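Summary of the model geometry
Okay, here's what each chain looks like letter by letter:
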Amino acid sequence: ALDDALIARPNDAALLFYRAQLTAGGGDAPGAIPFYARSAAAAAASHDGRTALETLGRLASGQNRGSEASGAGLAKDALSELARRFPDHAGTFSALALSALARGEEEGARSLVSESLARNPRHPGAIQVQGALALQDKNPELALKLFTAAWEANPADLYSAERLSQLYMKQRSDPEAA
């Protein structure tokens, strides 16, 4: 029935995400990656699209076990393709750059940020990743400014919101701000 629904509606983000979940749940994480990518491409701003991007980012991070570990390269390639197709989408950019950072490819993440900011100095995804890099560089004041700017530009950016909360709790000792 799901395959018939996908034939009838091949770009339905929810159906594609559901197929990805079923495929991954059956132990075939690499086989789920094209469905996650298609879901994100169909509706990146939807809940399913955002969750698909987060999942691709997690898979591309290279910090997985079992069948998920074998999908790191495929997930990275899928995110790279999505970023080429949708260069201004903050979530796509963030998933790609943060997965590079998680793999220890700091220079690659910095390069992605520089390229993106050269095209669009107000790119919320690039600003978000700049915040993550500032944290890695042990510069919490700069990270606070960058995460604030990223979250203001993209209120759906829960990564920046979470980091802001952590910074306020830790650096400012201000539980009311969280």
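First things first, this report covers the structure right here in the doc.

Conventions we followed
Residues numbered from 1 in each chain as written. Predicted model: local features only at pLDDT ≥ 70, side-chain atom pairs only at ≥ 80, totals over all residues. Heavy atoms only, no water. Axes fitted to C-alpha atoms, helices over the stretch in contact; angles between N-to-C directions. Helix = DSSP H or I, 4+ residues; strand = E, 2+ residues; numbered from the N terminus. Parallel < 35°, antiparallel > 145°, perpendicular 65-115°, else oblique. Left-handed = near helix turned anticlockwise from the far one by under 90°. Contact = heavy atoms within 4.5 Å. Nonpolar A, V, L, I, M, F, W, Y, C, P; charged D, E, K, R; others polar. Expected span 1.5 Å × (residues − 1). Buried < 20%, exposed > 50% of the residue type's maximum accessible area, 1.4 Å probe, protein only. Arc of directions from axis to C-beta. Salt bridge = Lys/Arg side-chain N within 4 Å of Asp/Glu carboxyl O. Core = buried A, V, L, I, M, F, W, Y, C linked by side-chain atoms within 4.5 Å.

**Some thoughts on the packing of helix 4 (residues 47–60) against helix 6 (residues 90–102)**
- As a packed pair, helix 4 and helix 6 sit with axes 8 Å apart at the nearest point and diverge in direction by 15°. The angle between helix 4 and helix 6 falls in the class roughly parallel. Once helix 4 is placed against helix 6, the crossing between them reads as right-handed. Residue-level contacts link Leu-53, Gly-57 and Ala-60 of helix 4 to Gly-91, Thr-92, Ala-95 and Ser-99 of helix 6.
- Looking at the contact of helix 4 with helix 6, its residues break down into three nonpolar, four polar and no charged.

**Observations concerning helix 7 (residues 106–119)**
- Between its first and last C-alpha atoms helix 7 spans 20 Å; for 14 residues at 1.5 Å apiece the expected length is 20 Å, and the two agree.
- Turning to helix 7, its buried residues are Ala-109, Val-113, Ser-116 and Leu-117. Projected onto a plane normal to the axis of helix 7, the buried residues spread over an arc of 95° and lie on a single side. Opposite its buried face, helix 7 presents the exposed residues Glu-107, Ala-118 and Arg-119, each directed more than 90 degrees away.
- For helix 7, the secondary structure elements touched by its buried residues are helix 6 and helix 8 (124–136).

**Some details on the pattern of salt bridges**
- Summed over the entire model, instances satisfying the criterion amount to seven salt bridges.
- Glu-81 serves as the salt-bridge partner of Arg-84, at 3.3 Å between the closest nitrogen and oxygen. Of this pair, Arg-84 and Glu-81 are both found in helix 5 (residues 72–85), three residues apart, which corresponds to roughly one turn of the helix.
- Among the salt bridges present, the one from Arg-163 reaches Glu-162, with a minimum N-O distance of 3.2 Å.
- Looking at Glu-162, the relative accessible area reads 43%, which means it is partly exposed.
- Residues joined by salt bridges that share partners form a network here, namely Glu-106, Arg-110 and Asp-137.

**Here's the deal with the packing of helix 8 against helix 9 (residues 140–153)**
- Relative to each other, helix 8 and helix 9 sit at 160°, their axes nearing to 8 Å. Accordingly, the angle class assigned to the pair helix 8 and helix 9 is roughly antiparallel. For helix 8 against helix 9, the interelement crossing comes out left-handed. The segment helix 8 lies against helix 9, with Pro-124, Ile-127, Gln-128, Gln-130, Gly-131, Ala-132, Ala-134 and Leu-135 engaging Pro-140, Leu-142, Ala-143, Leu-146, Phe-147, Ala-149, Ala-150 and Ala-153.
- Its residues assigned to classes, the contact of helix 8 with helix 9 comprises 13 nonpolar, three polar and no charged.

**Some words on the nonpolar core**
- Core analysis: the largest hydrophobic core is formed by 21 residues, its most contacted members being Phe-93, Leu-101, Val-113, Val-129 and Phe-147.
- Mapped onto this core, the elements with two or more residues apiece are helix 6, helix 7, helix 8, helix 9 and helix 10 (158–170).
- A per-element tally of this core places helix 8 first, with six residues.
- Ignoring sequence-local partners within four residues, the contact set of Phe-147 consists of Gln-128, Gly-131, Ala-132, Leu-135, Tyr-159, Ser-160, Arg-163, Leu-164 and Leu-167.
- Among the nonpolar cores identified, the runner-up in size contains 20 residues, and Ile-33, Ala-37, Leu-56 and Ala-83 belong to it.

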